[in-house]
Amino acid sequence: MQHHNNKIDAALLGKIVLARFLELPLRAFDRLVIQAESAAGFAALRPWGTVGRLDGARVAQDAADIPRIQISPVLGEVHEAGRGLMFFYHREAYAREYRFDEEGVNRLMARADSPAELARTLRRLRLINTRNRLTHALMQAVLVSQAAYLRSGQVLALLPLTQAAISARLRSESNLSVVADAGRISRLVRGLSITLPNGKAVPLNTLFPKPRQIHCHFVDHMIKEEKTWMAEGLLREPLTDEAVAAILEREHGIRLSRRTVANIRHDLAIPDSRSRSQRMNYLVATEGFSPLVPLTPQALRTAVPTHPGVYEIRATAAYHPDGETEGWPEKGVASEQHGVVYIGSAGDLRKRLGDHLRGSSDNALLYCYIADGAARVRFRLIGEGWRWVERELYRVFCETFGAPPPCNRMSP
């Protein structure tokens, strides 16, 4: 009989624990810091440790003009300081660092009467150190790498900066005691946001765009400029994909093929030039929406934040109660492969879209459209008044296409 060893290697277990710790929402992290510092084991460690702040870290309470912020998904805010940028954490817990006399701690832990709670508290304090040190090193790197975007808030100022690239930079330039691999950075930035100098809160992963995402921003910008250029008489009709590629190369030095522009336009849910002339109203109303992402559990965890906003769901070969399929719900315009089936809003986009995905949103028809796993969603973050924005978007959709999306059972 074979005996299987189900024990997990200690090193592997440590990596798993750290990975989960890096994914903690700020509210849970702040609560854990409070619990760790109020534990009996923390008091026992005090003779061999000090509580301090990370070198160079600043907290909102340090600046008189920054009010103390309650716990939220926002890590902190960027401020201009002369020619440079400074980052202020919203909570002291996010800049906390514990320094230990390792020899004294080792002697304490080696004692026969050392309580189990002492070891547990020490592990938590070291995890807090690791997360905060990695966060601080990451923020200092992006303050330099994405300075133009952080100052202006304009997506066209973003530079390509993958998480793999920032990982390599941190490992070569900083003295981190933890390996800053791309996986850990991905887990850390997931669900976090920062506030720009203009007051706008943006997801932290916005600062790590791939070249493809940069190209998406520029194509989206070109299409949005159409309305202005046509009003000024500079264009007689919407830009073709070839024209967009030519302008990007001539004015921005970005070389894209016509096919690549078409693919990006498709991902951004932008109709072709012929269709745009008939859909201009709804196209303008959806300015600022994200690219389409699959409506899957993984995409919701990684691409959709827990912020309020409006959203639009599209389905491929959309379900029809009579067994037929349909594309865009409009008259007189050839249907496309992807059609809008629902427009909505929510105070927590990730939660609401998760309800739709699980079929628990009390909309059976919508679930029929997305049950095959081919549905996609795009969204726009709205700080306040997202319900009003939803009503306006719904109204423009109906005016543009002559009918509401099939899964909107009533006007919002």
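These numbers were taken from a predicted model, which means no experiment stands behind them.

Undergrad: So what about empty space enclosed by the protein? Which residues, and what values?
TA: A probe matching the size of a water molecule, rolled over the atoms, marks out where space remains unfilled. For the structure on display, the rule yields four cavities of 30 Å³ or more. In this model, the largest cavity occupies a volume close to 150 Å³. Residue assignment for the lining of the largest cavity shows that the elements contributing at least two residues are α9 (211-231) and α12 (273-285). Per-element tally for the lining of the largest cavity: the top contributor is α9, with four residues. A breakdown of the residues in the lining of the largest cavity according to their chemical character gives seven nonpolar, three polar and five charged. Considering only enclosed or pocket space, the second largest cavity measures out at about 50 Å³ in volume. Looking at the second largest cavity, the residues that line it are F42, L45, R46, G49, T50, V51, Y98, F100 and L125. Listed by contribution, the elements that provide at least two residues to the lining of the second largest cavity are α3 (40-45), β1 (49-53) and β5 (96-100). The dominant element in the lining of the second largest cavity, judged by the number of residues it contributes, is β1, at three residues. Partitioning the lining of the second largest cavity into residue classes produces six nonpolar, two polar and one charged.

Undergrad: How would you summarise the pairing of strand β3 (residues 74-81) if you had to cite specific residues and measurements?
TA: Where β3 and strand β6 (residues 193-195) come together, three bridges link them in parallel fashion. Within β6, the position partnered with G76 by the bridge is I194. The sheet contact formed by β3 and strand β4 (residues 84-89) spans six bridges and is antiparallel. Looking at β4, one finds that A81 is bridged to G84. Taking the residues between adjacent antiparallel strands as the criterion, β3 and β4 are bridged by two residues, where G82 takes a positive phi near 65 degrees.

Rules used in this analysis
- Residues numbered from 1 in each chain as written.
- Predicted model: local features only at pLDDT ≥ 70, side-chain atom pairs only at ≥ 80, totals over all residues.
- Heavy atoms only, no water.
- 1 Å grid on protein atoms, 1.4 Å probe; cavity = no way out; pocket = protein on both sides within 12 Å on 5 of 7 lines; lining within 4 Å.
- Points joined across faces, edges and corners; volume = space filled by probe spheres on them.
- Helix = DSSP H or I, 4+ residues; strand = E, 2+ residues; numbered from the N terminus.
- Nonpolar A, V, L, I, M, F, W, Y, C, P; charged D, E, K, R; others polar.
- Pairing = 2+ DSSP bridges.

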